[in-house]
Structures are given as C-alpha cells and as structure tokens.
Amino acid sequence: MGKKRITQLLEQLKDNQHKELQNAAVIYTVATVAVNELLEQESQIPEPPIGLLPFAPKKIDKVELLKQYGSYNACRQAAKKQGIKFSRTPSWEQLAAGFSYAEAFRQVIKAYVETHPSPGLKGTKFELSLE
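Residues numbered from 1 in each chain as written. Predicted model: local features only at pLDDT ≥ 70, side-chain atom pairs only at ≥ 80, totals over all residues. Heavy atoms only, no water.

(A) Quick peek at the packing of helix H3 (residues 72–81) against helix H4 (residues 92–115). The contact between H3 and H4 brings their axes to 11 Å, and the two run at 35 degrees. Crossing geometry of H3 relative to H4 is assigned as left-handed. Packed against H3, whose contacting residues are Tyr72, Cys75, Arg76, Ala78 and Ala79, the element H4 presents Trp92, Leu95 and Phe99 at the interface. Class assignment of the residues belonging to the contact of H3 with H4 gives a composition of seven nonpolar, no polar and one charged. (Axes fitted to C-alpha atoms, helices over the stretch in contact; angles between N-to-C directions. Helix = DSSP H or I, 4+ residues; strand = E, 2+ residues; numbered from the N terminus. Left-handed = near helix turned anticlockwise from the far one by under 90°. Contact = heavy atoms within 4.5 Å. Nonpolar A, V, L, I, M, F, W, Y, C, P; charged D, E, K, R; others polar.)

(B) Layout of the side chain of serine 100. Within the element layout of this structure, serine 100 appears in helix H4. With relative accessibility at 5%, the residue serine 100 sits in the buried group. In terms of polar contacts, serine 100 uses its side chain to reach the backbone amide nitrogen of isoleucine 60, at 3.3 Å. (Buried < 20%, exposed > 50% of the residue type's maximum accessible area, 1.4 Å probe, protein only. Polar contact = N/O pair within 3.5 Å; in protein donor to acceptor, adjacent residues only side chain to side chain.)

(C) Focus on the packing of helix H2 (residues 62–69) against H4. At a minimum axis distance of 9 Å, the contact between H2 and H4 shows a crossing angle of 75 degrees. Between H2 and H4, the crossing angle belongs to the class labelled roughly perpendicular. The residues of H4 that touch H2, namely those facing Lys62, Leu65, Leu66 and Tyr69, are Trp92, Leu95, Ala96 and Phe99. (Parallel < 35°, antiparallel > 145°, perpendicular 65-115°, else oblique.)

(D) Region of interest: the pattern of salt bridges. According to the stated counting rule, one finds two salt bridges in the structure shown. Close ionic contact of lysine 58 with glutamate 64 constitutes a salt bridge, the shortest N to O distance being 3.5 Å. Given the relative accessible area of 55%, lysine 58 is considered exposed. Looking at glutamate 64, the relative accessible area reads 26%, which means it is partly exposed. Of the charged contacts in the structure, one is a salt bridge between glutamate 103 and arginine 106, with a shortest N-O distance of 3.5 Å. (Salt bridge = Lys/Arg side-chain N within 4 Å of Asp/Glu carboxyl O.)

(E) Layout of the nonpolar core. With eleven residues, the main nonpolar core is built from Ile60, Leu65, Cys75, Ala78, Ala79, Ile84, Trp92, Leu95, Ala96, Phe99 and Ala102. Every element with two or more residues in this core is listed here: H3 and H4. Element by element, the count of residues in this core is highest for H4, at five residues. Every residue in contact with isoleucine 84, bar those within four places of it in the chain, is listed here: Ala79, Gly98, Phe99 and Ala102. (Core = buried A, V, L, I, M, F, W, Y, C linked by side-chain atoms within 4.5 Å.)

(F) Here's a closer look at H3. Those residues of H3 not exposed but buried are Cys75, Ala78 and Ala79. Each buried residue of H3 lies within a common arc of 100 degrees when the element is viewed along its axis, so the set occupies one face. Residues of H3 that are exposed and point over 90 degrees away from its buried face: Asn73, Gln77, Lys80 and Lys81. On its buried face, H3 sits against H2 and H4. Positive backbone phi, at 85 degrees, marks glycine 83, one or two positions downstream of H3. (Arc of directions from axis to C-beta.)

Have a look at this one:
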C-alpha cells in the first residue's frame, strides 16, 4: 500500500469519526429533549391528596347501626337505599362492614371526582361490585 492510499484511508477514518461524533451529539440532544418533555408531563399529573389512599373505613358496629336506624329491617332498608346489596340475608357484621366501606368509597370517589371533574358525569350513578 502506498503512502497516498494510507493518507486517503486516514482521511476517511477522520471523516467517519467526525460524522459519528455529530450523530452522537444529535442523538444526545433528541434524548435530552424527550426526557425533559416526559419530566414536564409527569409534573403536570396531579398527586392524590395526602392520606387519601389507602383510606381506612370508619369502624361501625351493631350498636351504632341500631342507634342510627332503630331495627334490623330499618337498617336493611337504609342499606338498600344507599346501594348496598348482599347476595343473601346479611348478618349484623356484614351490614356494619357494608356501611363502613360504603362511606369510605363515597369519600374516595368524591375526592377523585373533585380532582378530575367531568361535566359528562352529571346525573350518572355507579354501582360497584366486589365480586
């Protein structure tokens, strides 16, 4: 190989190295812009209120249900009005759990709807199932 050919190959190598550096700079710039956009989008996502989740249900017992509703049948009717349904005749313990969780669910849903409002939900009713 002659001196001229070696010089030519060295020049090609330098050109290739320069092009690779330019490509790396472009890739770095594009990646930096993409990361910054993702960080900006992430900062725009509202955080749930502190202490909202998990939301522990208030402990309700048979004595409190009797005090509030007066009888087992009145308690069952109140549960039905609130959308609390059971697959079979509930015990006092199941009624108490139903009322406890229903209130916790209402608070979580209210907080969520206030955080992410939508006029399209007006007049909408949801029935949730734990099955």
